[in-house]
Amino acid sequence: MGASGNEMLPGSFLSDKTAKIFVAGHRGLVGSAVVRNLQSLGFENLVLRSHKELDLTRQSDVENFFNQERPKYVILSAAKVGGIHANNTYPADFISINLQIQTNVIEAAYRCGSVQKLLFLGSSCIYPKFAPQPITEDALLTAPLEPTNEWYAVAKIAGIKMCQAYRLQYNWDAISAMPTNLYGPNDNFHPENSHVLPALMRRFHEAKLANAKEVVVWGTGSPLREFLHVDDLADAVVFMMDNYSGLSHLNVGSGKEVTIKDLAELVKEVVGFEGELVWDKTKPDGTPRKLMDSSKLAGIGWTPKIPLRDGLVETYKWYLEHLS
């Protein structure tokens, strides 16, 4: 485990409601959920900056921000994210912007002297393409990555290692959480570069409006995937801030698998599309199974609470309210 020098006592984060907390990336899927969670718990001193107000890729700006604001806690959810197409098209952006953001924030947070604890958020794409299932934390760096998003994954791995290095060298309480596939309010529903779940929701919604007879989905529907509502992740982030100070990153998953076919049927039902669901079996399926082993986090007392169907109903409601 990590150095014990500056580790906080369990329970001290939640009892510190007036502490200044910087949530980096507060407008994104994860950051906005973390802010909602903290506000619901009564935290009243959140420091939030839009990209226009603070460009996290500019080292001197980030240093000045930390020296002026001097937060006590940092939750680093800011990142440049995108699907396979975006990663293939802009590999330089994905590696350089993410490395810059996390290097600037972690270094400035440590140097300013006020930050007692930092939590870095990664992604399940850090693991090898053919990692044994379910994927445990120690699968990291044991085999090659998925080539389509290795630029993003390498940056995120560097972030985990940076947190570990600062803990080892400086006794500084930096931890990392690796969530599985996320969904929920503020997700990206863009037709070209969204992930499978929001993409399905949008397609079924548009098919319903058009009274379409069918929706065609790629593949056989047989691959197994794991999904976690972003509000569950936010709950886990707060739990880790309060209860975890270790060297290893922790997986954060639902532990429940669903086939793409069952997922599509569920989204179809939630949206209320009455037509046919057709599978184009000439198209690729992708990885047959991707499940994270979240037993380490469960072992210290956290489990998810939001069932997939309930989460989908709530996400569709949010989508309808935010249609432009």
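Residues numbered from 1 in each chain as written. Predicted model: local features only at pLDDT ≥ 70, side-chain atom pairs only at ≥ 80, totals over all residues. Heavy atoms only, no water.

Let's hear about the sheet that holds strand β4 (residues 117-121): which residues, and what values?
Reading across from one edge, β2-β1-β3-β4-β5-β9 is the order of the six strands in this open sheet, with parallel pairing throughout. Every interior strand has two partners, whereas the edge strands, β2 (46-47) and β9 (250-252), have only one. As judged from the four bridges shared by strand β1 (residues 21-24) and strand β3 (residues 73-76), these two strands associate in the parallel manner. Within β3, the position partnered with phenylalanine 22 by the bridge is valine 74. (Pairing = 2+ DSSP bridges. Helix = DSSP H or I, 4+ residues; strand = E, 2+ residues; numbered from the N terminus.)

Can you break down the packing of helix α8 (residues 260-271) against helix α10 (residues 308-321) residue by residue, with the values?
Relative orientation of the contacting elements α8 and α10 amounts to 45 degrees, with a least axis distance of 10 Å. Considering the angle they form, α8 stands oblique to α10. Between α8 and α10 lies a crossing whose hand is right-handed. Residues Leu263, Leu266, Val267, Glu269, Val270 and Val271 of α8 form the contact with α10, whose own contacting residues are Leu308, Arg309, Leu312, Val313 and Tyr316. Its residues assigned to classes, the contact of α8 with α10 comprises nine nonpolar, no polar and two charged. (Axes fitted to C-alpha atoms, helices over the stretch in contact; angles between N-to-C directions. Parallel < 35°, antiparallel > 145°, perpendicular 65-115°, else oblique. Left-handed = near helix turned anticlockwise from the far one by under 90°. Contact = heavy atoms within 4.5 Å. Nonpolar A, V, L, I, M, F, W, Y, C, P; charged D, E, K, R; others polar.)

Describe the packing of helix α6 (residues 196-209) against α8, and please don't skip the residues or the numbers.
Look at α6 against α8: their axes get within 9 Å of each other, and the N-to-C directions meet at 45 degrees. By the angle between their axes, α6 is oblique relative to α8. Two packed elements cross with a definite hand, and for α6 against α8 that hand is right-handed. Between α6 and α8, the contacting residues are Val196, Leu197, Leu200, Met201, Phe204, His205 and Lys208 on the first element and Ile260, Leu263, Ala264, Val267, Lys268 and Val271 on the second. Per-class residue counts for the contact of α6 with α8 are ten nonpolar, one polar and two charged.

An account of the nonpolar core is needed here, citing residue identities and associated values.
Formed by 41 residues in total, the largest nonpolar core has its most connected members in Phe22, Leu56, Phe66 and Leu118. Going through the elements one at a time, β1, α2 (59-69), β3, α4 (91-112), β4, α5 (150-170) and β5 (173-179) are the ones with two or more residues in this core. Aside from chain neighbours lying at most four places away, what touches leucine 56 is Phe22, Ala24, Val62, Ala78, Gln100, Ile101, Asn104 and Val105. The next biggest cluster of nonpolar side chains, apart from the first, holds 34 residues, and it includes Val30, Val35, Leu121 and Leu228. (Core = buried A, V, L, I, M, F, W, Y, C linked by side-chain atoms within 4.5 Å. Buried < 20%, exposed > 50% of the residue type's maximum accessible area, 1.4 Å probe, protein only.)

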